[in-house]
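Fold and contact review
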Amino acid sequence: MSNFTFTPATKEQAKARIAFTGPTGSGKTYTALVTGTGLGDRIALVDTEHGSAAKYADEFAFDTLPLTTFQPTALVEALAVAAHDGYDVMIVDSLSHFWSGSGGMLEQVDNAARRVGAGNSFAGWKEARPLERTMIDALLAYPGHLIVTMRTKTEYVVEADERGRKVPRKVGLKPEQREGIEYEFDIVGDLDHENTLVISKSRAKPLSGTVLHKPGVEFAEAVLNWLKAGKPAKSVSDYLTAATAPDATYEDLRDLYEEARRHNLLGSAVLDGGETRTLGELIVRHGTEAAKNRVAQDVESTAGRGQEGQAA
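Residues numbered from 1 in each chain as written. Predicted model: local features only at pLDDT ≥ 70, side-chain atom pairs only at ≥ 80, totals over all residues. Heavy atoms only, no water.

Re unusual backbone geometry
Let me state the cut-off plainly: Here a strand is any run of E in DSSP of at least two residues, a helix any run of H or I of at least four, and the numbering for each starts at the N terminus. A 1.4 Å probe rolled over the protein chains alone gives each residue an accessible area, and that area as a share of the maximum for its type sets the label: buried under 20%, exposed over 50%, partly exposed in between.
Cis peptide bonds are those with omega within 30 degrees of zero, and the linkage from Asp93 to Ser94 qualifies with 10 degrees. By secondary structure assignment, the location of Ser94 is in the loop between strand 4 (89–93) and helix 3 (97–100). Residues other than glycine seldom take positive phi values, yet His50 does so here, at roughly 55 degrees. Here His50 shows up in the loop between strand 2 (43–47) and strand 3 (63–66). Phi at Lys214 takes a positive value of approximately 50 degrees, unusual for a residue other than glycine. Residue placement: Lys214 occurs in the loop between strand 9 (211–213) and helix 6 (217–227). Assessed through its relative accessible area of 53%, Lys214 is described here as exposed.

Here it is in structure tokens:
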């Protein structure tokens, strides 16, 4: 007998999962801040670009975390802290550094390959890939809106201008990230050097194929209108409250784990006693404790009944 059960699909209110790609100078940081400001009040930004986002502090209100090394675990920890502090919007500018920067995935793979002495990257990827998956899961399960930027490799193409003259134009190619990373996000927008945004991938039908020159708050409003369609959903905070409730039983926590799994929230990075864990790990820890407490209570109860019988 199979344990699988199909249930009717329902749309729930969700948080934005947006990626902006483009070459250097295409306005990714600015567009992320414009969009983030339209999505929420409190914005946290992970700055991998030597503090460049702070240049816009006179136009936008946001808190920043500058990083100089880009281990996937560092981003997971930053997500946990931002979630704990209740930021409405999380911006990672840019996610590309966690791929090709110092300590990023490519370096993790090289180091792993050297450790196992395999002489090729296959063994390195086998060891390092879970780090990347944990990072991506934490990004997608962030309890607020998420915006990431990704650099694209650039090249110049020669085109004719309005006067027929041959002029070079800077264009972006694939993002500096693993193949297919764009499929992880609900909305992907490609920016060119003129700060024109083309929505190349969107689960939001009203935004599919949209072209915006110097996108502003209207883009964030359109995203919010799409997100608000549906019934309210539990937040990560709701799951944390339920998981840490003093009277939560093992059965309660087992059901809570399954519910969080169905909503793809098990990978959410959370702080647990000052340590960074996933929501799934936290629920399992409390479930294990609840099970031990129940066994201890049963043993104590059995011993008490035995003493009563001896007294009788």
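Now that the structure has been shown, the text picks up again.
A closer look at the nonpolar core
We apply this condition: What we call a nonpolar core is a set of buried Ala, Val, Leu, Ile, Met, Phe, Trp, Tyr and Cys residues that are connected through their side-chain atoms within 4.5 Å.
By size, the foremost hydrophobic cluster in this structure holds 29 residues, and its most contacted members are Leu75, Leu95, Phe98 and Leu139. Those elements giving two or more residues to this core turn out to be strand 2, helix 2 (72–84), strand 4, helix 5 (121–140) and strand 5 (145–160). Ranked by residues supplied to this core, first place goes to helix 2 with seven residues. Listed in part, the 28 residues of the second largest apolar core include Leu39, Leu45, Val89 and Ile91.

Examining the pattern of salt bridges
Pairing is possible between side chains of opposite charge, provided their charged atoms come close. This is how the line gets drawn: Only one rule defines a salt bridge in this text: a Lys or Arg side-chain nitrogen within 4 Å of an Asp or Glu carboxyl oxygen.
Counted under the stated rule, the structure contains 12 salt bridges. Across the salt bridge formed by Arg129 and Glu132, the nearest N and O atoms sit 2.5 Å from each other. Placement of both Arg129 and Glu132 in helix 5 is noted, with a separation of three residues, approximately one turn of the helix. Using a relative accessible area of 37% as the deciding quantity, one classes Arg129 as partly exposed. Note that Arg277 is salt-bridged to Asp272, the shortest N-O span being 2.7 Å. Among the residues examined, Arg277 registers a relative accessible area of 23% and is labelled partly exposed. Linked by salt bridges that have partners in common, Asp272, Glu275, Arg277, Arg285 and Glu289 make up one network.

Some details on the pairing of strand 11 (residues 275–278)
A regular strand places its side chains on the two faces of the sheet in alternate fashion. Applied cut-off: Note: two strands are recorded as paired if DSSP finds a minimum of 2 bridges between them.
Two elements, strand 10 (residues 269–272) and strand 11, share four bridges in a ladder whose sense is antiparallel. Looking at the pairing, Asp272 lines up with Glu275 of strand 11. Counting the residues in the hairpin turn of strand 10 and strand 11 gives two residues, including Gly273, whose phi is positive at 65 degrees.

What about the packing of aromatic side chains?
Going by this rule: The pairing test for Phe, Tyr and Trp rings, Trp by its six-membered ring, is centres within 6.5 Å, and the orientation test on the planes gives stacked under 30 degrees, edge-to-face over 60, and tilted for anything in between. In our convention, an over-ring charge means Lys NZ or Arg CZ found within 6 Å of a ring centre and within 35 degrees of that ring's normal.
Taken as a whole and judged by the stated rule, the model has five aromatic pairs. Centre to centre, the rings of Tyr30 and Tyr56 are 5.3 Å apart; their planes meet at 75 degrees, and the pair counts as edge-to-face. Of this pair, Tyr30 sits in helix 1 (residues 28–39) while Tyr56 sits in the loop between strand 2 and strand 3, and the two are 26 residues apart along the sequence. Put simply, the rings of Tyr30, Tyr56 and Phe60 pair up and form one aromatic cluster. Sitting above the plane of the Tyr87 ring, Arg42 keeps its charged end 4.2 Å from the centroid. Lying over the aromatic face of Tyr239, Lys234 brings its terminal NZ or CZ to 5.2 Å of the ring centre.

Overview of helix 7 (residues 236–243)
To keep it simple, the criterion reads: The directions considered for the arc run from the helix axis to the C-beta atoms.
Residues of helix 7 that are buried include every one of Val236, Tyr239 and Ala243, and no others. The arc that holds every buried residue of helix 7, seen down its axis, measures 60 degrees, which confines them to one face.

Let's talk about helix 2
Selection rule: Expected span of a helix, by definition, is 1.5 Å for each gap between consecutive residues, and there is one gap fewer than residues.
With 13 residues, helix 2 extends 19 Å from end C-alpha to end C-alpha; this agrees with the ideal 18 Å at 1.5 Å per step. Those residues of helix 2 that fall on the buried side of the exposure criterion are Pro72, Leu75, Val76, Ala78, Leu79, Ala80, Ala82 and Ala83. Gly86 sits one or two positions beyond helix 2 and adopts a positive phi of about 75 degrees.

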